[in-house]
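What the coordinates show
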Amino acid sequence: MTVLEKGSARLILAPETGGAIAGFTVSGRDVLRPAPAGVLDPLLTSNFPLVPFCNRVPNGRFVFEGREVALAPNLPGHPHALHGQGWRAVWRVARADAAEATLVHDHARGDWPWSYRAEQRFVLGDTGFRVTLTVTNTDETAMPAGLGLHPYFPRRTGETLTAANDGVWMVDADVLPTVHHRGVWGPDWATGAAVEGPDLIDHCYTGWDQRAVLSAPGAPDTVITASPECRWLHVYAPPGDDFVCVEPCASRPDPFGAGDTGMIRLAPGESRSIWMDVSTG
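Now for a quick tour of the structure.

Cut-off values and rules
Each chain has its residues counted from 1, running along the sequence as written. Totals for whole chains, interfaces and linings use all residues, but because this is a predicted model, local features are given only for residues with pLDDT of at least 70 and pairs of side-chain atoms are given and counted only at 80 or more. For side-chain calculations, the full set of non-hydrogen atoms in the structure is used, while hydrogens and water are omitted. Only protein atoms enter the calculation, which uses a 1 Å grid: trapped sets of points that fit a 1.4 Å probe without letting it out are cavities, open sets showing protein on both sides within 12 Å along at least five of seven lines are pockets, and any residue with an atom within 4 Å of a point is a lining residue. Grid points are joined across faces, edges and corners, and a volume is the space filled by probe spheres set on the points. All residues other than Ala, Val, Leu, Ile, Met, Phe, Trp, Tyr, Cys, Pro, Asp, Glu, Lys and Arg, Gly among them, are scored as polar; the first ten of these are nonpolar and the last four charged. In this text, buried Ala, Val, Leu, Ile, Met, Phe, Trp, Tyr and Cys residues form a nonpolar core when linked through side-chain atoms within 4.5 Å. Relative accessibility thresholds used throughout: buried, under 20% of the residue-type maximum; exposed, over 50%; partly exposed, between the two (1.4 Å probe, protein chains only). Throughout, a residue-residue contact means that at least one pair of heavy atoms, one from each residue, lies within 4.5 Å. Under the DSSP-based scheme used, a helix requires at least four consecutive residues in state H or I and a strand at least two consecutive residues in state E, with every element numbered from the N terminus. Here, a salt bridge means any Lys or Arg side-chain nitrogen found within 4 Å of an Asp or Glu carboxyl oxygen. When DSSP finds two or more bridges between a pair of strands, those strands are recorded as paired. In this analysis, rings of Phe, Tyr and Trp, with Trp reduced to its six-membered ring, are considered paired at centre separations within 6.5 Å, and the interplanar angle assigns stacked below 30 degrees, edge-to-face beyond 60, and tilted for intermediate values. Here, a charge over a ring is recorded when the distance from Lys NZ or Arg CZ to the ring centre is within 6 Å and its angle to the ring normal is within 35 degrees.

Let's talk about empty space enclosed by the protein
The full count for this structure, using the stated rule, is one cavity of 30 Å³ or more. A volume near 50 Å³ is recorded for the largest cavity. Every residue lining the largest cavity is listed: N165, G167, V168, G183, V184, W185, P187, D188, W189 and Y205. Each residue belonging to the lining of the largest cavity can be placed in one class, and the counts come to six nonpolar, three polar and one charged.

Notes on the nonpolar core
The biggest cluster of nonpolar side chains holds 64 residues, and the ones touching the most others in it are L11, F24, F129, W189 and V246. Ignoring anything within four residues of it in the chain, the contact list for L11 reads T2, V3, L4, I21, G23, F24, F122, L124 and F129. Membership of the second largest hydrophobic core comes to 13 residues, among which are A20, L82, C245 and C249.

Some words on the layout of surface pockets
Within this model, the largest pocket holds a volume of roughly 250 Å³. L43, R56, H83, H150 and Y236 are the residues nearest the centre of the largest pocket, which is lined by 13 residues in total. Those elements that provide at least two residues to the lining of the largest pocket are β15 (148-154), β23 (232-237) and β24 (243-249).

Regarding the pattern of salt bridges
Taken as a whole and assessed by the stated rule, the structure comprises 15 salt bridges. The closest approach of N and O atoms between R10 and E5, which form a salt bridge, is 3.4 Å. Residue E5 is classed as partly exposed on the basis of its relative accessible area of 47%. Put simply, D139 and R109 hold a salt bridge, and the shortest N to O gap is 2.7 Å.

Observations regarding the sheet that holds strand β26 (residues 271-280)
Pairing is antiparallel across the open sheet formed by nine strands, whose spatial order is β10-β11-β12-β13-β26-β22-β21-β16-β19. One side of each edge strand has no neighbouring strand; the edge strands of this open sheet are β10 (92-96) and β19 (193-194). Note: strand β21 (residues 211-215) against strand β22 (residues 222-226), four bridges, orientation antiparallel. Pairing of A212 across the sheet is with I224, part of β22.

Concerning unusual backbone geometry
Phi is mostly negative for residues that are not glycine, and the peptide bonds are mostly trans. Here the amide bond leading from V51 into P52 is cis, since omega sits at 5 degrees, within 30 degrees of zero. Secondary-structure assignment places P52 in the loop between β5 (47-50) and β6 (56-57). The phi angle at E65 is positive, at roughly 50 degrees, despite the residue not being glycine. In this fold, E65 is placed in the loop between β7 (61-64) and β8 (67-70). Accessibility expressed as a relative area gives 55% for E65, which makes it exposed. In this model, Q210 sits at a positive phi of 70 degrees, which is unusual for a non-glycine residue. Among the structural elements, Q210 can be located in the loop between β20 (201-206) and β21. We classify Q210 as buried; its relative accessible area is 17%.

Side note on the packing of aromatic side chains
Across all of its chains, the model carries 11 aromatic pairs by this definition. Between the aromatic rings of F48 and Y152, the centroid separation amounts to 6.4 Å while the plane-to-plane angle is 45 degrees, which identifies the pairing as tilted. In this pair, F48 is assigned in strand β5 and Y152 in strand β15, connecting sequence segments 104 residues apart. Of the two residues examined, F48 and Y152, each falls in the buried class. Connected via pairs of aromatic rings, a cluster forms that spans F53, F62, F64, W112, W114 and F256. Of note, R130 hangs over the ring of W275, and the distance from its end group to the ring centre comes to 3.7 Å. One Lys or Arg, R252, reaches over the ring of W169 and ends 4.5 Å from the middle of that ring.

Below, the structure is given as structure tokens:
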């Protein structure tokens, strides 16, 4: 674990667990869901990086510039490759001081047939932090890339989410996008809506303006902002659980599917970055 502190803010990093965050507190209050001690599974952490793609690739198969690629499943019992390789890798601490740290993961060619370097830079402030996620193509040929971040927030009593959007991707039983629905479907995040309900929310929203606010009665707001590349907001709120995920993404689920998915082409040596700020009152 690597711990950053500034004023009353404390950020705990778990580089050995997918380059994850294991906790973020301000004045002793959990702003992100805390990970259990000795956590080994990134799905139980506070946040992890999505690199070099976000969400699910159907059956792990896609074609890029005429090259057929088959990715192995990386979630037990699930047939689709999920969230890239970074969240299942051990990262190393390249730099750390009191309030800043940089984590690095060098990916060698494998079933993802390109080498790349992924880097996360964390900067802690008095009431929030910024993480900048960068991927650099270190291979000899062009590769596709899309990035995202997967923060978990404690679901407080009466929690609501406010986030501008113009529509949502409907999903099938495997949570893969089917058709784009324009306008409101389910909770109206644009005007503010409760995050707890009887139905699973695991959807990608379009037209996001890179700002979302979580609010609860009698508690400080949590504000999530992101870089302009993050045009999609994925919301994951399973009924009965004690968390909600509000995920800034620069590409949508089924990132190699038809239409504008946000995936870009990185030539050898090229990089792409996104950032996310999490702050509280």
